[in-house]
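Each chain, written out:
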Amino acid sequence: QIKIRKAEKKDCPAMFDLIKELAEYEKAPQEVTVTIDHFMESGFGEKPVWQAIVAEVAGDGQTAVKGFALWYIRYSTWKGCRMYLEDIVVTQSMRGHGLGTQLMDTLITIARENKYSGIVWQVLDWNEPAIHFYEKYHAKFDDEWINCSLTF
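Rules behind the numbers
- Residues numbered from 1 in each chain as written.
- Predicted model: local features only at pLDDT ≥ 70, side-chain atom pairs only at ≥ 80, totals over all residues.
- Heavy atoms only, no water.
- Core = buried A, V, L, I, M, F, W, Y, C linked by side-chain atoms within 4.5 Å.
- Buried < 20%, exposed > 50% of the residue type's maximum accessible area, 1.4 Å probe, protein only.
- Helix = DSSP H or I, 4+ residues; strand = E, 2+ residues; numbered from the N terminus.
- Contact = heavy atoms within 4.5 Å.
- Pairing = 2+ DSSP bridges.
- Right-handed = clockwise from strand over helix to strand, strands pointing away.

1. Things to note about the nonpolar core
Inference 1: Core analysis: the largest hydrophobic core is formed by 22 residues, its most contacted members being M83 and L107.
Inference 2: Of all the secondary structure elements, the ones that give two or more residues to this core are β2 (51-59), β3 (62-76), β4 (80-90), α3 (99-113) and α4 (128-135).
Inference 3: Per-element accounting of this core gives the leading share, six residues, to α3.
Inference 4: Judged by nonpolar contacts, the second largest core, of 16 residues, contains I19, V54, F68 and L70.

2. Focus on the environment of W121
Inference 1: Within the element layout of this structure, W121 appears in the loop between β5 (119-120) and α4.
Inference 2: Taking relative accessible area as the criterion, W121 reaches 23% and is therefore assigned partly exposed.
Inference 3: Taking the C-alpha atoms as reference, W121 lies 18 Å from V32; in sequence the two are 89 residues apart.
Inference 4: Contacts of W121, omitting those with residues within four sequence positions, involve Y84, L85, M104, Y134 and A139.

3. Description of the pairing of β4
Inference 1: The element β4 is largely enclosed, with a buried count of eight among its 11 residues.
Inference 2: Hairpin connection from β3 to β4: three residues lie between these consecutive antiparallel strands.
Inference 3: Judged from the two bridges that link them, β4 and β5 form a sheet pairing that is parallel. Paired with M83 across the strands is I119, a residue of β5.
Inference 4: One crossover worth recording links β4 to the parallel β5 by way of α3, and it is right-handed.

Interpretation in functional terms is not warranted from these geometric data alone.
Right, here's the structure in full:
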């Protein structure tokens, strides 16, 4: 039994574990430098900057967060408000059970209800399972733009 719902502050430890699991999968565990306190404050403090939904799975008399999608609103001077999907993560043992599809379908519904002009995200070029997942949604893959960042 899978339930997709808005994330709550109490979900942050499970979400944080999934973030670390994703970093391991992406071969970059050392890149997770955010603390759980900062993560919680950024989503549920006075000025939250991200929103999320979770995939909660019931089994053995308990429920547990087994996936999530986290986003924030990005403004494009050409397109207006767009949902920026920072992460969509499903724990390894639950991949292939439809959680990712339910999370993505819910994100699309949220974006449309809020009249955002679209959803944008990044995917690593070697992550073929994710690429194939996004292809099912007819996502456009951009080979023109180069990612840039500054780290402080």
